[in-house]
Amino acid sequence: MAITRRQFLQRAGMATAGGLFGPQLFRNPLLSQALASTIGDRYFVVLFLDGGNDGLNTIVPVTGALRAPYEAARLTGAGGLRIVNPLVPNAGPAFLDPNTGGQLGFHPGLAGLRDLYEQNMLAVIQGCGYPEYSLSHEQARSIWERGNPFGTLSNGWMGRYLEAPSSGYLGSDIPAVNIGDSVAGEYLQSATSVLVFDRLNDFGFPYDDYYDDDYAAKDALFSALHANAAASGNSFMQYLSGTGASTLTAAQQYPELHDQYIADRLSWSQAYTDSDAPGLNTSTARGLREVAKVIYGVARGTIPSNLRARFFQLHNGGYDTHSNQGAEETDGDHFLLHQEIAQSIKLFYQDLADMASGAPMGSGLQNLPDKVVLVVWSEFSRRIQQNDNGTDHGSQGPMLVVGGPNAINGGIYGNHPDIANTDDNGNTPYSQNNGDGFRSTDFRDVYGTIMKHWLGLANPSPIFPLDSTVGLLGDEYWNTANFNLPFL
């Protein structure tokens, strides 16, 4: 059976980007001089849609050359997935495909994001993907998390940012929080600590609750262990000392952020779990509430500076819609998933805006929505042609970037995939050839633009090696980076 070049490179163990751009590169003083300042008074949130979101029923062709092939692929009637009445924004930038000029619309479940678009708070980047796309959930997730389709880099793309010298983070720092039960693939690295929890209220050091009178003694013991490790002269022990002491302190102080948020913002906390509000009282809403708690505390300076997380990740599952996907009926699986993320994100930014309202001049809370950028991605889109009542694994789809109107440039960027011309899998092929107007947007250009223009890394190129690094040439590969996409 034929194998792809990716499989050949990985199985043969050839020199790849992982070998050419290993961790030592980021300790090179020449590279450090080429890198810019750190994130400053900003925050960055990653929201992963786990399972493969149907991009064609997320940003939907309404008129023009793309509508006819859309209607041919998506049926009406029982089990049909055709969106008959997409939501077209009434304000904000024109919601038109840059290539064909056709009108686009949102899935009706995305009313909350349509509202943000009308306020210039949403950028839609179409046709995002990578060469030789994978139809495996596990492999596709790993590629997106590492930001590297062909290499063997084990660290995540955000992890490589955190370990870069110019980021300014040390082993004793805790710059990131992941909502869940493990460190997300984007943040894997060995330079800093990452806090992981589902709920701040339940987070803390695992003391024995049956012997609470021993807490002080245990604190003293762990502090002594860290002090001994710091004084050992062994670099690895010193690293463990710094990370251990910071984690212990964070476990003691981060729950206070929950108490502070509840004391000051009880009505907002309750809004996230309002069971009468469509899309809320969901895992995404509750996860974003935890992010809001941390941002509120960090902006107020509640915890030590080295523990102030500014990078976040959360995920929402259920997007593997092989069956019962639904169209625009309000009880359809895809409608409910879209409604959940749209309403949760909208409420999150309303919460941030309220935090900033009346904030003292120069405080960390002032202009807070303009300090927070959130990116939404999924490991792949879905097949263009529907199956009986769902969709199979696909290739290119839209990425969404949300932020305050002074943080991002709202609008439509990138070309809608050419759904009239699909490959043998029934998916739209990746291409960097703009001759036909359907040039793909490589997801690494989106990541690199965020890293350069929001996270302050002047040259993201070492973090995202081109495909030519491993000898993959031609228009079907990513050999020219564009880290200046105009959404930021």
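A few points about the overall build of the protein chain
Moving on, step 1. Within the protein chain, the secondary structure is distributed over 13 helices and 11 strands.
Moving on, step 2. Relative to the 2.2 N^0.38 estimate, which gives 23 Å for 488 residues, the radius of gyration of the protein chain is 23 Å and therefore close to what a compact globule would have.
Moving on, step 3. Looking at the protein chain residue by residue over its 488 residues, the buried ones come to 55%.
Moving on, step 4. At a minimum sequence separation of 6, the contacts of the protein chain that also span at least 24 residues come to 73%.
Moving on, step 5. Accessible area for the protein chain stands at about 19,000 Å²; split by element, carbon and sulfur atoms hold 49% of it.

As for the packing of aromatic side chains
Moving on, step 1. Scanning the entire structure with this criterion turns up 22 aromatic pairs.
Moving on, step 2. Ring centres 6.3 Å apart and planes at 40 degrees place the aromatic pair Trp157 and Phe464 in the tilted group. With Trp157 in helix H7 (residues 157-163) and Phe464 in the segment after helix H13 (443-453), the pair connects residues that are 307 residues apart, well separated along the chain. Here Trp157 and Phe464 have matching classes, each one buried.

Regarding the packing of helix H8 (residues 215-230) against helix H9 (residues 235-264)
Moving on, step 1. Across the interface, H8 lies against H9 with an axial gap of 7 Å and an inter-helix angle of 155 degrees. In terms of orientation, H8 and H9 fall into the roughly antiparallel class. As H8 packs across H9, the resulting crossing turns out to be left-handed. Residues Asp219, Phe222, His226, Ala229 and Ala230 of H8 form the contact with H9, whose own contacting residues are Met237, Gln238, Ser241, Gly244, Ala245, Leu248 and Gln252.
Moving on, step 2. For the contact of H8 with H9, the class distribution of residues is six nonpolar, five polar and one charged.

Quick notes on the pattern of salt bridges
Moving on, step 1. Using the criterion set out here, one finds 16 salt bridges in the structure.
Moving on, step 2. Arg382 is the partner of Asp320 in a salt bridge, and the nearest nitrogen-oxygen pair spans 3.2 Å. In this pair, Asp320 sits in the loop between strand S7 (311-316) and helix H12 (333-356) while Arg382 sits in the loop between strand S8 (372-378) and strand S9 (397-403), placing the two residues 62 residues apart along the sequence.

Thresholds, definitions, all that
Residues numbered from 1 in each chain as written. Predicted model: local features only at pLDDT ≥ 70, side-chain atom pairs only at ≥ 80, totals over all residues. Heavy atoms only, no water. Helix = DSSP H or I, 4+ residues; strand = E, 2+ residues; numbered from the N terminus. Rg over C-alpha atoms; globule rule 2.2 N^0.38 Å. Buried < 20%, exposed > 50% of the residue type's maximum accessible area, 1.4 Å probe, protein only. Contact = heavy atoms within 4.5 Å. Areas by Shrake-Rupley, 256 points an atom, 1.4 Å probe, with all protein chains shown as cover. Phe/Tyr/Trp six-rings, centres within 6.5 Å; stacked < 30°, edge-to-face > 60°. Axes fitted to C-alpha atoms, helices over the stretch in contact; angles between N-to-C directions. Parallel < 35°, antiparallel > 145°, perpendicular 65-115°, else oblique. Left-handed = near helix turned anticlockwise from the far one by under 90°. Nonpolar A, V, L, I, M, F, W, Y, C, P; charged D, E, K, R; others polar. Salt bridge = Lys/Arg side-chain N within 4 Å of Asp/Glu carboxyl O.

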